[in-house]
Amino acid sequence: MSDNECEKRCNAVMVVGAGIAGIQASLDLAGAGRKVYLVDKKPAPGGYLPLLDRQFPTNDCNICYVTPDSAKAGAPLAIESLPLTRLTKLEGQAGSFEATLVSLPRGIDLERCNACGECLKVCPEQAVRFTPGLDFGSPTCLRYPQAQPQAFSIDLEKCTRCGQCLAVCRPGAIDMDMLSQHRKVEVGSVVLASGAELFDPTPLGDYCGYGRFPDVVTSLEFEQIMSAAGPTGGEFVRPSDGRRPRRIGWIQCVGSRSTVEPAKPYCSSICCMFAMKEAAWAKERFAQDLEASIFFMDMRPMGKDYEQYYQRLKNDLGVRFVRCRPHSVGRDAVTGDILLDHVGEDGTSQVAHLDMIVLATGFCAPADAAGQAAALGIDLDPHGFVKAADFSPLATSRGGVYACGMALGPRDIPDSLTQASACASLAGGHLAPPKALDMEQDLPPESSQPGQAPRIGVYFADWGGRIKSSLDLNRVMTATEGMPGVVLTQEMAPLRGEEGLEDLVRSIGEHRLNRVVVAGYSPRTHGRIFAETIRRAGLNRAMVELANLRDQDVMVHPHNPEAATAKAIDLVRMAVAGVTLAQPIYTHQQPVVKSALVVGGGVAGLGAALALADQGVRVHLVERAKTLGGMAGHLRRTLEGQPVAEQLAELVDKVVQHPGIKVILDALVVDHQGQVGDFTTGVQSGPSMYYQQIQHGVTILATGARQYQPSEYLYGQDPRVLTQLELEERLAAGQDLDQALDTVVMIQCVGSRNQQNPACGRICCQNAVKNALWIKELRPQARVIVLYRDMRMPYRAEEAYRRAREQGVLFVRYSEDDPPKVERQEQSLLVTFSEKILARRLAVEASTLVLSTPQVADDEATEELCEIFHLQRTPTGFILEDNVKVRPVDTPAPGIFAAGSVLAPKSISEARTQGLAAAGRALTLLAQDSLSVAGGVAKVMSERCASCLVCVRACPVAVPFINADGYSQIDPAKCQGCGVCAAECPAKAIQLQGYTDDQIMGRTDALLEGVL
Amino acid sequence: MIDFQPVIVAFACSYCAYTAADMAGVQGFAYPEGVKIVQVPCSGKVDSLHILRALQKGADGVMVAGCLEGDCHFRNGNRRAAQRVRYVQALLEDVGIGGQRVLMANMSAGQGAVFAATASHFWETIRALGQNPAKLAASRAAA
């Protein structure tokens, strides 16, 4: 078989690791029409997110936004989830890999296990595992409704075959004789999302007290203690004595930023925000009753608006931030206080008295990282994370294998999700363009006719035998036979793969059923499966209802078969009544124009355009300037010392040469209309302001930011005062530098983290270190002094920071209220600043003063853009995403994405990743010939509408509007189906499909039949 | 009225409360059989009408269960539900049925124990209150 043949045949991608990054990549790939194998070594997918109760900045729980929305996404059907599975070998090459998978035996039959937990209780060897998302002891239990499978597993390596669990397992689900399964699958590309592990502070116990004092806990343990669903049941108490702690201290950088083993030399990047979230949450709950202190070296809140979050904690919530070096933890024998000895910024030793200490532990590479890398044939960095390049930041050393999330080093949720979507678009590039995704393809036409008398089939699904053993199923079935409209009552054979469902399809046809009730499982877990199954039988998906006899009957009334039987009859009657009143829900179809408009020709826009065009999408790339390249055109090298110009030129060249991309330079977007799938945008270009209209299905906005132009520190008045960009240009030119580089002083945070611009510039620290190292390279004897407020060097940038110090670059901290002063002198610039340890002011004669200025929002351009595309901006002027945490490149407007520094300051590799991510998200829309909206949506009966605006105000997603005819109109493509408008509408002019007032009351009536 | 077994209708939102109810099953937290659950997409979908209809049809109590405050999947549907519950409570107070027969509850999807405890506690409260007077009137009318 030639590669080409495979490339045509292979439409599959292997995703390794099922944390949020892996899940997001899988969803984007499946949404773009790809087949996905999602393997994870753990017994259930989810990674770390289900362990977190809340996420900043809103302290919300976001998991239901990330996990597949079972009601609307058909995509997860294309994802084959393989828990307890490892990829052990990867042969072949991009486009035609053959992957060997080994699945460990679970020891428990998923069909039978009802997660009762008896086996866990009796196992003497602790060989029984429960998935973290469901563990009673875990913080959040199941804020993760889609967690599948909901069952235990047995670690057969630990198991001694004592047989105690076999004796207590009522459904007989335990099978110790299961064998490992080997399997080979063909895939075109691989996405590695295998994550990281939390650093275990036990070996540092001498220093941090972990393991010595029960009230020293890790941040993840603290999250559990704070969680309403945690082991203490929401009681906020400390482990040692069950008392509520009143003085809590967080210690940052535990296991990170240290050259002493086993701690890691890099910065774990996310622990600052982790600790701040916990402190904020504790303060919000207990306010005056709680003293929260964070002991830190540098605070590094670098994400979008994170700095503002930090300021809010400091200024509004009263969290105490102590800049210091903690060195030991002890206990006061008399008071029992935990004592934290630390050296303050002024060099003095201090002791903090605390009730509890939380260690902000870092992350490290998974223990099996090396083995996995060997199996995949990819290189790792010295810390065991996947090695990546600046310009193709997600590509590994092996073509066709990409990495995202913490596999590349510690990073937060938005960055992980961005990389995941970017990987989806890169991985798709090795596959043949997908067949248009058509959820309705190969399905028989729908046969339901309105007015048909109901012919209802009620199927009892009791695959584990749990229901039958807990109630009188015969009595329930007899009662069901007598219910109005029921023509068939039957037990379903146990489901073995798809076969059982085919039986159901046949049975529906044989009995000419037009409505179906399945009694047994929860609609939450099985609703979509049966909706899809009856659709295959020619029925509308709305014509099925589930009676939840398991989770909401026999399992909550296990010792009362009489009552459980009576309740089962009620639940079946409710489902029969509900399905009798069901109306078909037709999908709204919006044809998709298979082209994209990309606004902005910087690295983000260029990358997005190329990724889309490579997958067969026609791209219009509009750029305001007369050349492509954007901000990266001003950069000479990256922090790692890689040259920028050649790489950028190569990217620009590829875009210009690509037959699928039309570049329009010197152009401005002037108008925009339409909806997702079919937009029309007007563009003016050239000196003549030539006007043209572009039709496109999706839009990506990547117009970038601008560099802040300082007025501080004599900038513009003295030629020896430069910005970092100007310095970089001179260093690249390399002429007449000797005198200028004699003594260079850099001042950080010029134009950022102040009243005018509260945001952090994110990359200015890295730029300063980059240029400092460059100066040292050109002129080792040069004196370089960096005056900073916090050095913000994530992950391996920390190593560059250490290298700079080793090479003699001096870093001196200044505080916001005591900034450096600069005076012009004949021969030099006199810079004076306070030195905290010496407690005096120092003066330096600088030959060059360099100001580290941030990227700021290009106000004029972004404001206009947002007006045209109806988007919102943040207070600092950047585009507001749909959800900064979990939809980092989606805007609230369907089909419009944003990428790069138009969202917030970005480095080259970050901007590039975001462009690819936006392409990955856009491909999920462009894979379909028409966009269909499957779930129930709100419908307005215009004859009843008084256009009172109640629905307009009530809608959480601002969909209803009063149309030209004076009635409320709800776009089915945008409606999320919550039904709030229907409930609020005073004229009852709005009904929610599937939950009309008639249906809800019909169900309630049936449930209560016989009560009166 | 020694063996009064109240019937409770619980409207539960798909995102949190309905899942919590499933979790009560999965995790083995029992609650009285008289508590019967109707699924709604969001607690904000529950209309005053639906609550009153359930009471009219013989429910002794109605519980509306949504996500935790601030965690509503649809931003503030659960707050709207709480407002409506307060409205119905006042109404029931006025007509002599008693506002305590309607309860707004909040929980996260993982809180099976909270669902079971809330349902059990509410059931006990209603048991102490006695039968829904509307139900008594209806059965008297029928007799």
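Each chain carries its own residue numbering, running from 1 in the direction its sequence is written. Here every chain gets a letter starting at A, and every ligand a number starting at 1, in the order they are written. Given that this is a predicted model, residues contribute local features only at a pLDDT of at least 70 and side-chain atom pairs are listed and counted only at 80 or more, while totals for whole chains, interfaces and linings are drawn from all residues.

Participant: A description of the overall build of chain B should follow, citing residues and the corresponding values.
Facilitator: From N to C terminus, chain B includes five helices and four strands. Put simply, DSSP H or I for four residues or longer makes a helix, DSSP E for two residues or longer makes a strand, and each gets a number counted from the N terminus. Starting at the N terminus, the α and β elements of chain B follow one another as β-α-β-α-β-α-β-α-α. Radius of gyration: over C-alpha atoms. The globule rule applied is 2.2 Å multiplied by the number of residues raised to the 0.38 power. In terms of overall size, chain B behaves like a compact globule, its C-alpha atoms giving a radius of gyration of 15 Å where 143 residues would be expected to give roughly 15 Å. Each of the three principal axes of chain B carries a C-alpha extent, and together these read 45 × 30 × 20 Å. Whether two residues are in contact depends on their C-beta atoms, placed from the backbone: they are in contact if these lie within 7 Å. Of all intrachain contacts in chain B linking residues separated by at least 6 positions in sequence, the fraction that spans at least 24 positions is 80%.

Participant: Pulling in residues and values, what's your account of the overall build of chain A?
Facilitator: When you go through chain A residue by residue, the secondary structure sums to 27 helices and 47 strands. Here the C-alpha atoms of chain A give a radius of gyration of 31 Å, agreeing with the 31 Å that 2.2 N^0.38 yields for 1012 residues. If you line up chain A on its principal axes, its C-alpha atoms span 105 × 85 × 65 Å. Neighbour density around each residue's C-beta defines its exposure: 20 or more other C-beta atoms within 10 Å make it buried, 12 or fewer make it exposed, and counts between make it partly exposed, where C-beta atoms are placed from the backbone. Residue burial in chain A is summarised as follows: out of 1012 residues, 53% are buried. Expressed as a percentage of contacts within chain A between residues at least 6 apart in sequence, the contacts between residues at least 24 apart total 73%.

Participant: Account for the interface of chain A and chain B, naming residues and giving values.
Facilitator: Each partner contributes to the interface: chain A provides 48 residues, whereas chain B provides 49 residues. Here the nonpolar group is Ala, Val, Leu, Ile, Met, Phe, Trp, Tyr, Cys and Pro; Asp, Glu, Lys and Arg are the charged ones; every other residue, Gly included, is treated as polar. Within the side of chain A that touches chain B, the residues separate by chemical class into 27 nonpolar, 10 polar and 11 charged.

Participant: Describe unusual backbone geometry, listing the residues and the values that go with them.
Facilitator: Glycine aside, the phi torsion of most residues is negative, and most peptide linkages are trans. Residues and elements named next belong to chain A. The residue after Glu 261, namely Pro 262, is reached through a cis peptide bond having omega 0 degrees. Mapped onto the elements of the fold, Pro 262 is located in the loop between strand S12 (247-254) and helix H8 (271-286). You will see that Met 689, though not glycine, has its phi angle at about 55 degrees, which is positive. What makes Met 689 exposed here is the crowd of 11 C-beta atoms within 10 Å. The backbone phi angle of Leu 949 is positive, close to 75 degrees, even though this residue is not glycine. Mapped onto the fold, Leu 949 is located in the loop between strand S44 (938-940) and helix H25 (950-954). Accessibility expressed as a C-beta count within 10 Å gives 12 for Leu 949, which makes it exposed.

Participant: Summarise the nonpolar core; cite the residues concerned and give the values.
Facilitator: Residues and elements named next belong to chain A. For this entry, the nonpolar core is defined as buried Ala, Val, Leu, Ile, Met, Phe, Trp, Tyr and Cys residues connected by C-beta atoms within 7 Å. Formed by 125 residues in total, the largest nonpolar core has its most connected members in Cys 404 and Ala 608. A per-element tally of this core places helix H24 (residues 908-926) first, with 10 residues. Setting aside its immediate chain neighbours within four residues, Ala 608 contacts Val 598, Ile 700, Ala 702, Ala 899, Gly 915, Leu 916, Ala 918 and Ala 919. Counting residues in hydrophobic clusters, the runner-up holds 123 residues, among them Cys 951, Val 980, Ala 983 and Met 1001.

Participant: Hey, could you go over the sheet that holds strand S8 (residues 181-187) of chain A for me, with residue numbers and the actual values?
Facilitator: Residue and element names in this part refer to chain A. Being paired, for any two strands, means DSSP has found at least two bridges between them. Spatially, S4-S5-S8 is the arrangement adopted by the three strands of the open sheet, whose pairing is antiparallel. The open sheet terminates on both sides in strands that have one partner only, identified here as strand S4 (85-93) and S8. Averaged over all neighbouring strand pairs, the angle between strand axes comes to 20 degrees, with direction disregarded. The sheet contact formed by strand S5 (residues 96-103) and S8 spans seven bridges and is antiparallel. Its bridge partner being in S8, Phe 97 is matched across the sheet by Val 187. For helices, the fitted line uses only the C-alpha atoms of the stretch in contact; every axis is such a line through C-alpha atoms, and the angle between N-to-C directions lies from 0 to 180 degrees.

Participant: Explain helix H17 (residues 561-580) of chain A residue by residue, including any values.
Facilitator: A helix is expected to reach a length of 1.5 Å times the quantity of its residues less one. With 20 residues, H17(A) extends 28 Å between its outermost C-alpha atoms, agreeing within 8% with the 28 Å of an ideal straight helix rising 1.5 Å per residue. The element H17(A) is extensively covered by neighbouring structure, given that 16 of its 20 residues are classed as buried.

Participant: So what's going on with the packing of helix H7 (residues 219-226) of chain A against H8(A)? Which residues, and what values?
Facilitator: Residue and element names in this part refer to chain A. At a closest axis distance of 10 Å, the pairing of H7 and H8 adopts a crossing angle of 25 degrees. Comparing the axis directions of H7 and H8 gives the class roughly parallel. In terms of crossing hand, the pair formed by H7 and H8 is left-handed. Taking contact as the criterion, the partners of Ser 219, Phe 222, Glu 223 and Met 226 in H7 are, on H8, Phe 274, Ala 275, Glu 278, Trp 281 and Ala 282. Classifying every residue of the contact of H7 with H8 gives six nonpolar, one polar and two charged. Any angle that falls under 35 degrees is termed roughly parallel, while one over 145 is termed roughly antiparallel, one within 65 to 115 roughly perpendicular, and all others oblique. Definitions for this section: a left-handed crossing has its near helix turned counterclockwise from the far helix by less than a right angle. A right-handed crossing has that turn clockwise.

Participant: Could you give an account of the sheet that holds strand S35 (residues 783-788) of chain A, naming the residues involved and the relevant values?
Facilitator: Strand-to-strand pairing in sheets goes through backbone hydrogen bonds, with the strands running parallel or antiparallel. All names here are of chain A. Spatial ordering of the open sheet is given by S33-S40-S34-S35-S36, a layout of five strands whose pairing is parallel. At either margin of the open sheet sits one strand with a lone partner, and together these are strand S33 (721-723) and strand S36 (810-813). Strand-to-strand twist in this sheet, taken as the mean axis angle between neighbours without regard to direction, amounts to 25 degrees. Note that S35 and S36 share four bridges and pair parallel. Residue pairing across strands places Val 786 opposite Phe 811, the latter belonging to S36. Sheet strands in contact with helix H21 (residues 764-778) are strand S34 (743-747) and S35, and its direction is about 170 degrees off that of S35.

Participant: Go over the confidence of the model for chain A, please, and point to the residues and values.
Facilitator: When pLDDT is averaged across chain A, the result is 88; 91% of the residues are at 70 or more. Counting interchain partners and residues more than four positions distant, the pLDDT-below-50 stretch residues 131-148 of chain A has 64 contacts. As a per-residue measure, pLDDT tells how confident the predictor is, with possible values from 0 to 100.

Participant: Report on the environment of Val114(B), specifying residues and quantitative values.
Facilitator: All names here are of chain B. Structurally, the position occupied by Val 114 is in helix H4 (residues 112-129). The exposure class of Val 114 is buried, given the 24 C-beta atoms found within 10 Å. Apart from residues no more than four positions distant in its own chain, Val 114 is found in contact with Ala 20 and Met 107.

Participant: How would you sum up helix H11 (residues 413-428) of chain A? Please name residues and give values.
Facilitator: Relative to the 22 Å expected for 16 residues at 1.5 Å per residue, H11(A) spans 22 Å between its end C-alpha atoms, a close match to the ideal helical length. The element H11(A) is largely enclosed, with a buried count of 16 among its 16 residues.

Participant: A description of the pairing of S4(A) should follow, citing residues and the corresponding values.
Facilitator: All names here are of chain A. Pairing between S4 and S5: eight bridges, direction antiparallel. In the strand pairing of S5, Lys 89 is matched with Thr 100. Two successive antiparallel strands, S4 and S5, enclose a turn made up of two residues, where Gly 95 displays a positive phi of approximately 95 degrees.

Participant: A description of the packing of H11(A) against H24(A) should follow, citing residues and the corresponding values.
Facilitator: Residues and elements named next belong to chain A. Running from N to C, H11 and H24 point in directions that differ by 70 degrees, and their axes come no closer than 7 Å. One element, H11, and the other, H24, form an angle in the roughly perpendicular class. Our pair here, H11 against H24, has a crossing hand that is left-handed. Taking contact as the criterion, the partners of Thr 418, Gln 419, Ser 421, Ala 422, Ala 424, Ser 425, Leu 426 and Gly 428 in H11 are, on H24, Thr 913, Gln 914, Leu 916, Ala 917, Ala 919, Gly 920, Arg 921 and Leu 923. Looking at the contact of H11 with H24 residue by residue, the classes come out as seven nonpolar, eight polar and one charged.

Participant: Lay out the confidence of the model for chain B with the relevant residues and their values.
Facilitator: Detailed reading of the predicted coordinates is not advisable wherever pLDDT falls low. Per-chain confidence: chain B averages 91 in pLDDT, with 97% of residues scoring 70 or above. Among the scores for the predicted complex, ipTM is 0.97 and pTM is 0.77.

Participant: An account of the environment of Pro687(A) is needed here, citing residue identities and associated values.
Facilitator: Residues and elements named next belong to chain A. Inspection of the secondary structure puts Pro 687 in the loop between strand S29 (678-685) and strand S30 (690-696). Owing to 6 C-beta atoms within 10 Å, Pro 687 belongs among the exposed residues under this scheme. C-alpha separation for the pair Pro 687 and Glu 623, spaced 64 residues apart in sequence, amounts to 14 Å.

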